[in-house]
Amino acid sequence: MTNETKMTARHVDVFYGDKKAIDDVSIDIDNGIVTAFIGPSGCGKSTFLRSLNRMNDTIPIARVTGEIKLDGDDIYASGMDPVALRARVGMVFQKPNPFPKSIYENIAYGPRIHGIAQGKADMDAIVEKALTRAGLWQEVKDRLTDAGTALSGGQQQRLCIARAIAVSPEVILMDEPCSALDPIATARIEELIEDLKNRYAIVIVTHSMQQAARVSQRTAFFHLGNLVEYGDTEQVFQNPQETRTKDYITGRYG
Amino acid sequence: MLIAVVLAVVAGLGLIGWYTARAKARLLYTGRGSMRATANYHGLHLALWIAIPALIAFAVWTAVSPGLVNEAVLADPAAQMLPASDMERASILAEARAVASDPSTVAFNPLANRLAEPMRSAQTQFGFIGIALVLICALAGGGYAWTRIRADFPARSRVERGIMLLLLAASLIAILTTVGIVASLVFETALFFRDVSPWSFLTGTHWSPGNAIGADIDDNFGAVPLFWGTIYIGAIIAMIIAIPLGLMSAIYLTQYADAKVRRWTKPALEILAGVPTVVYGYFAALTIAPAIRDFAASLGYQNPSTESALAAGLVMGVMIIPFVSSMADDSIAAVPRAMSDGSLAMGATRSETIKKVVLPAALPGIVAGVMLAVSRAIGETMIVVMAAGATARLTADPLASMTTVTYQIVQMLTGDQEFDSPKTLSAFALGLVLFIVTLILNIIALRVVKRFREAYE
């Protein structure tokens, strides 16, 4: 996959009630690479992430203005079905949230509601492929009927990634996917992100600057609802253009 | 009368004890850290030592003295004329007691008037003994505590223990009352089963206690039609109404309604739970039941009855809606938001998310809510008394009049009844069955809820 632009945001504001959480953010998200959103707590990076697949719609008081496009189509246009959008823009959450079902059913859930699989054999193949890509197949292939919630935290998070992959999304949004995991499980997820990045456009929100530096090719630094700086990860970390970015990266606040 | 005097005396003694003990303890104060408890705690400690033994003595005496009074009265020469039967003897003594406390009462039995005088003197005599006993206990307790007022006495922690015991006693009263109710049910039920075999009671299909005389007594106490009526009205018809409506309203309120709608629909639904059941009863009897009768007539029913299982069941179902919906509401709200977010983020619609993720996760709580609702519905009395009818009938026809366990209990115990006839005693057997069934339902439901809560915490 080439580094073409997958999503574009132009002059995006997000409001919670009267409070402006995101102020005039414009950004391009490219295919085939990992884009990291970093910034101190409360800077709006997760809020912005959730507006990329319209998950903010589930919060009654949230309101998004501006323009966000996926492959050139405005995702907030009246003709756009948020349900169809979310099948194309998958999401992995902060805390692993497997459904209270078997491992198999966790993966089969998405393909089933979208009618992707043709029969049982096809579904089995989809489940195996998704689990393999998520690096979980070897660990769970003999216990697909066990409850998804019985896995360890790191395995649960990989199950959630496999679940997102199973509906063949084009973009995967990850909202601090490692914040509830131990260092070893975190390392596994980071390897997984590395393996997946060629197939999807991946956006990861993270608190850890080291993680952003390790996994991403592009980094966006948010502060108080503003996009302060956006560029190649190497450049942002080694040679930030803005003093606020520099102060944050060198640990002066955050 | 006596109880007011005793309580006032005990309170007065306690107050005096508190002041004097406090004053004495203050004299012991020689500086900072010289005492293990403040003077006030010494006062409280002494007051508790006055009140608690006195009240225990009074409680014991109230339980024992009526027996002693009766014995004293029976020793009177006039009591020789009392009949031998325990029942009659007890009723005459009861009358004598009434005359003794209020001389204007007219007794049926002239003997009661004769015995009133010895009764009154015995009561006075034992009353004085009782007061004396209470006083002795109060003074003994107070005296004991008085000797303990020393600088190194830990009055504070003793008072703490006393208060703990007081609270324990308060909670024991509720438990003991339950135990007492169960014991009386079991006792009366045992009396009933001396006359009627438990087997034919639990499995017989013919219920007409009015005809129960002589040898065929077993055949007239078959309670199956009552059990069936109870289950049919409370657990089937009512639940067909309450489960879907309660569940759907809970789903709407938790998943779809915005804050504005929730603000008035939720309280409105809860008002339904606050309507007295007797109001539901006449709503059923005056509005629903005639409508159902007319409907039955229009279907070509011959002589449809005004009372029907359907009328009672429908109204009971409406009454139960808030129970089902509030339990379902709680358990749906307990499903972590992350779980439904996960499903929505996969591109599932709201209703797919509810059907496939939220409801399965909330199911144990919902099931528990339904069980609690059933246990309430089968114990419900007023609606069935007013709308279901009195005919014990084993039928699946919802338009027929039917009777329930609760209705029959009311029937057996109201009006003039002999208290030792099987007919009256059957009410206790029915009550015991009802109690056991609802108890089991409640225990299972609470267990399920507890397990479910643990799973998400």
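Residues numbered from 1 in each chain as written. Chains lettered and ligands numbered in written order. Predicted model: local features only at pLDDT ≥ 70, side-chain atom pairs only at ≥ 80, totals over all residues. Heavy atoms only, no water.

J.: Which parts of the structure should I look at to understand the overall build of chain B?
T.: Helix and strand content of chain B: 15 helices and zero strands. For 457 residues, the compact-globule formula gives about 23 Å, and the C-alpha radius of gyration of chain B, at 31 Å, lies well above that figure. Oriented by its inertia axes, the alpha-carbon framework of chain B measures out at about 80 × 75 × 40 Å. Expressed as a percentage of the 457 residues in chain B, the buried residues total 41%. Within chain B, contacts between residues separated by at least 24 positions form 69% of all contacts whose residues are at least 6 apart in sequence. Summed over all atoms, the accessible surface of chain B reaches about 23,900 Å², with 68% contributed by carbon and sulfur. Charged side chains of chain B number 31 positive and 29 negative; the gap between the two group centres comes to 18 Å. (Helix = DSSP H or I, 4+ residues; strand = E, 2+ residues; numbered from the N terminus. Rg over C-alpha atoms; globule rule 2.2 N^0.38 Å. Buried < 20%, exposed > 50% of the residue type's maximum accessible area, 1.4 Å probe, protein only. Contact = heavy atoms within 4.5 Å. Areas by Shrake-Rupley, 256 points an atom, 1.4 Å probe, with all protein chains shown as cover. Lys, Arg positive; Asp, Glu negative; His and termini not counted. Charge placed at Lys NZ, Arg CZ, Asp CG, Glu CD.)

J.: Can you walk me through the side chain of Arg54(A) in this structure?
T.: Summarising the element assignment, Arg54(A) is placed in the loop between helix H1 (45-51) and strand E4 (62-70). Owing to a relative accessible area of 12%, Arg54(A) belongs among the buried residues under this scheme.

J.: When you look at the confidence of the model for chain B in this model, what are you seeing that I'm missing?
T.: Caution applies to low-pLDDT parts of the model: their predicted coordinates are not meant to be read in detail. Residue and element names in this part refer to chain B. The pLDDT averaged across chain B works out to 87; a share of 97% of its residues lies at or above 70. In the model of chain B, helix H3 (residues 86-101) stands out as the element of lowest mean pLDDT, 78, in contrast to helix H7 (residues 224-256), which has the highest, 92. Here the complex is predicted with pTM 0.73, and the ipTM for its interfaces comes to 0.88. (pLDDT = per-residue confidence, 0-100.)

J.: Explain the packing of helix H11 (residues 337-345) of chain B against helix H12 (residues 350-379) of chain B to me, please; I cannot follow it from the model alone.
T.: Each packed pair of helices is defined by two parameters, the angle between the axes and the distance between the axes. Residues and elements named next belong to chain B. The interhelical angle for the contact between H11 and H12, taken along N-to-C directions, is 145°, at an axis separation of 9 Å. For the pair H11 and H12, the crossing hand works out as right-handed. The segment H11 lies against H12, with Met 339, Ser 340, Ser 343 and Leu 344 engaging Arg 350, Thr 353, Val 357, Val 358 and Ala 361. Of the residues contributing to the contact of H11 with H12, the split by class is five nonpolar, three polar and one charged. (Axes fitted to C-alpha atoms, helices over the stretch in contact; angles between N-to-C directions. Left-handed = near helix turned anticlockwise from the far one by under 90°. Nonpolar A, V, L, I, M, F, W, Y, C, P; charged D, E, K, R; others polar.)

J.: Whenever I open this one, the sheet that holds strand E2 (residues 19-30) of chain A confuses me. Can you help?
T.: Hydrogen bonding along the main chain pairs the strands of a sheet, whether they run parallel or antiparallel. All names here are of chain A. Taken in spatial order, the four strands line up as E2-E1-E4-E5 in an open sheet, and their pairing is antiparallel. Each edge of the open sheet is held by one strand with a lone partner, namely E2 and strand E5 (73-74). Here eight bridges tie strand E1 (residues 5-16) to E4, and the two strands are oriented antiparallel to one another. Paired with Tyr 16 across the strands is Ala 62, a residue of E4. (Pairing = 2+ DSSP bridges.)

J.: When you look at the sheet that holds strand E6 (residues 89-92) of chain A in this model, what are you seeing that I'm missing?
T.: Residues and elements named next belong to chain A. The strand order across the open sheet formed by six strands is E6-E7-E8-E3-E9-E10, and the pairing between neighbours is mixed. The two strands at the open ends of the sheet, each matched to only one other strand, are E6 and strand E10 (226-232). Taken over all neighbouring pairs, the strand axes of this sheet differ in orientation by 15° on average, direction set aside. Sheet analysis places strand E9 (residues 218-223) next to E10, joined by six bridges and oriented antiparallel. Looking at the pairing, Ala 220 lines up with Tyr 230 of E10. The strands touched by helix H6 (residues 153-165) are E6 and strand E7 (171-175); relative to E6, the strand with the most contacts, the crossing angle is about 170°.

J.: Help me out: how do you make sense of the packing of helix H2 (residues 39-74) of chain B against helix H4 (residues 110-147) of chain B in this one?
T.: Residues and elements named next belong to chain B. At a closest axis distance of 8 Å, the pairing of H2 and H4 adopts a crossing angle of 160°. Classified by the angle between their axes, H2 and H4 sit roughly antiparallel to one another. H2 and H4 meet at a crossing whose hand is right-handed. Residues belonging to the contact of H2 with H4 are distributed by class as follows: 25 nonpolar, six polar and no charged. (Parallel < 35°, antiparallel > 145°, perpendicular 65-115°, else oblique.)

J.: How should I be thinking about the pattern of salt bridges in this particular structure?
T.: Pairs can form between side chains of opposite charge once their charged atoms are near each other. Scanning the model with the defined rule gives 22 salt bridges over all chains in all. Across the salt bridge formed by Asp341(B) and Arg50(A), the nearest N and O atoms sit 3.9 Å from each other. A residue pair is termed interchain when its members come from two chains, as with Asp341(B) in helix H11 and Arg50(A) in helix H1. Relative accessible area serves as the criterion here: at 11%, Arg50(A) is assigned to the buried category. The residue Arg54(A) makes a salt bridge to Asp57(A) at a minimum N-O spacing of 2.9 Å. Looking at Asp57(A), the relative accessible area reads 36%, which means it is partly exposed. Residues participating in the shared-partner salt-bridge network are Lys6(A), Asp71(A), Arg88(A) and Glu170(A). (Salt bridge = Lys/Arg side-chain N within 4 Å of Asp/Glu carboxyl O.)

J.: Explain the interface of chain A and chain B here, please?
T.: Note on interface size: it is often stated as the accessible area lost on association of the parts. The interface of chain A with chain B comprises 24 residues on the first partner and 19 residues on the second. Interface area, chain A with chain B, both sides summed: about 1,600 Å², of which 64% is carbon and sulfur. Connecting chain A to chain B are one salt bridge. Our enumeration of links across chain A and chain B arrives at five residue pairs in polar contact (both at pLDDT 80 or more). Taken together, the elements giving at least two residues each to the side of chain A that touches chain B come down to helix H2 (82-88), E6, helix H3 (103-113) and H6 of chain A. (Buried area = accessible area lost by both parts, 1.4 Å probe. Polar contact = N/O pair within 3.5 Å; in protein donor to acceptor, adjacent residues only side chain to side chain.)

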